[in-house]
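Breakdown of the fold
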Amino acid sequence: MRMMQPTLDTLLRPWLRMPAWAAVMSCLAAAERAFPVLDRLASLRTKGYCRESLDEAWAALTGTPLRAEEVSVRIRGIQGLPESSEDDSHKNTYYAMRGIGIVWHAVGAQLPDAAHQEWRSILSGMLSLAADLDFVTRPMARNKFSLKESEVAFQTQILRLVEGESGPSAQLVGSLRAMGTQMSAEYRAALEEMCRLKGW
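The structure contained in this document is the topic of the report that follows. (Residues numbered from 1 in each chain as written. Predicted model: local features only at pLDDT ≥ 70, side-chain atom pairs only at ≥ 80, totals over all residues. Heavy atoms only, no water.)

So, the overall build of the protein
As a reminder, the rule being used: Think of it this way: any DSSP run of H or I at least four residues long counts as a helix, any run of E at least two long counts as a strand, and we number them from the N terminus. As a reference, a globule follows 2.2 Å times the number of residues to the power 0.38, and the radius of gyration itself is taken over C-alpha atoms. Contacts were defined at the residue level, with two residues in contact if any of their heavy atoms lie within 4.5 Å. All accessible areas in this document rest on Shrake-Rupley with a 1.4 Å probe, and a residue is counted as covered only by the protein chains that are shown.
Within the protein, the secondary structure is distributed over eight helices and zero strands. Relative to the compact-globule value of 16 Å for 200 residues, the protein shows a C-alpha radius of gyration of 16 Å, a close match. Taking the principal axes of the C-alpha coordinates as reference, the protein spans close to 45 × 40 × 25 Å. Of all intrachain contacts in the protein linking residues separated by at least 6 positions in sequence, the fraction that spans at least 24 positions is 77%. Accessible surface, the protein: about 10000 Å² in total, of which carbon and sulfur atoms supply 54%.

And the structure:
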């Protein structure tokens, strides 16, 4: 018998006591996990701008923090990307829009006092994306470990990694970024299967 999955509030509760830098790192790791959506379904312009935005944010964690004005410029650039306003869920660019949204929140987490709220938005978006991919690609495999369950498990791993740390060291940043990239393979596989089923 499968255990009931935790609610969003239950997953978020431990993060409320974590410093802002930890929430920013978690936002960026989530964006890395979701990046296959952009790789597969977004335009070259969108992929390039989002990749540049994330790289800049990662670098700022252990280097010179971005000023609020610089972050705001990035956010406006993300809002202006061609797929960012897609609302037709029958189109493949709808999923690109969802990937853009995760990058948008990850970049916005760098703004003063925004990290925990943006992390809530990202976690909600990641769980929703994982559930949708499960629904499309795993209709006959409900009793197996799902992408959504994998996402929930990953949250525990991230929390354990940052707990007790005094700040975003280069080693910690590298470890968390690597974890996010590694898990992106699960999203990539599910996405490829969804695109095959939908003829995208």
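Following the structure, the description resumes.
Comments concerning the environment of Gly-101
Looking at where Gly-101 falls in the secondary structure, it is placed in helix 5 (residues 92-108). Each C-alpha atom of the pair Gly-101 and Ser-84 lies 7.5 Å from the other, and the pair is 17 residues apart in sequence.

Here's the deal with unusual backbone geometry
Note the following rule: A 1.4 Å probe rolled over the protein chains alone gives each residue an accessible area, and that area as a share of the maximum for its type sets the label: buried under 20%, exposed over 50%, partly exposed in between.
At Asp-113, a residue that is not glycine, the phi angle is positive and equals roughly 65 degrees. Residue placement: Asp-113 occurs in the loop between helix 5 and helix 6 (115-137). Classification of Asp-113 by relative accessible area gives exposed; the value is 84%.

Some thoughts on the packing of helix 2 (residues 20-41) against helix 8 (residues 170-198)
Keep this limit in mind: For helices, the fitted axis covers only the stretch in contact; all axes are lines through C-alpha atoms, and the angles between them, taken along N-to-C directions, range from 0 to 180 degrees. Small angles under 35 degrees read as roughly parallel and large ones over 145 as roughly antiparallel, with 65 to 115 read as roughly perpendicular and the rest as oblique. We call a crossing left-handed when the near helix sits turned anticlockwise from the far one by less than a right angle, and right-handed when that turn is clockwise. Charged residues are taken to be Asp, Glu, Lys and Arg, nonpolar residues to be Ala, Val, Leu, Ile, Met, Phe, Trp, Tyr, Cys and Pro, and polar residues to be all remaining types, Gly included.
Look at helix 2 against helix 8: their axes get within 8 Å of each other, and the N-to-C directions meet at 30 degrees. Judged by the angle between their axes, helix 2 and helix 8 are roughly parallel. Both helix 2 and helix 8 take part in a crossing whose hand is right-handed. Tallied by class, the residues present in the contact of helix 2 with helix 8 amount to 13 nonpolar, four polar and seven charged.

Some words on the layout of surface pockets
For clarity, the cut-off: Grid points spaced at 1 Å over the protein atoms alone were grouped into cavities, where a 1.4 Å probe fits but cannot get out, and pockets, open sets with protein on both sides within 12 Å along at least five of seven lines, with lining residues defined by an atom within 4 Å of a point. Grid points are joined across faces, edges and corners, and a volume is the space filled by probe spheres set on the points.
Each pocket or cavity is described by its volume, and for the largest pocket that value is around 210 Å³. Lining the largest pocket are 15 residues, with Val-24, Leu-61, Pro-65, Ala-109 and Gln-110 sitting closest to its centre. Across the lining of the largest pocket, the residue classes tally to 13 nonpolar, one polar and one charged.

A word on the environment of Ser-146
What counts here: Contacts described as polar in this section are N or O atom pairs within 3.5 Å, which, within protein, must combine one atom able to donate a hydrogen with one able to accept it, while residues neighboring in sequence count only if both atoms come from side chains.
Mapped onto the elements, Ser-146 comes out in the loop between helix 6 and helix 7 (147-162). Assessed through its relative accessible area of 11%, Ser-146 is described here as buried. As a C-alpha pair, Ser-146 and Ala-130 span 16 residues in sequence and 8.3 Å in three-dimensional space. Looking at Ser-146, its side chain comes within polar contact range of the side chain of Asp-134, at 3.4 Å.

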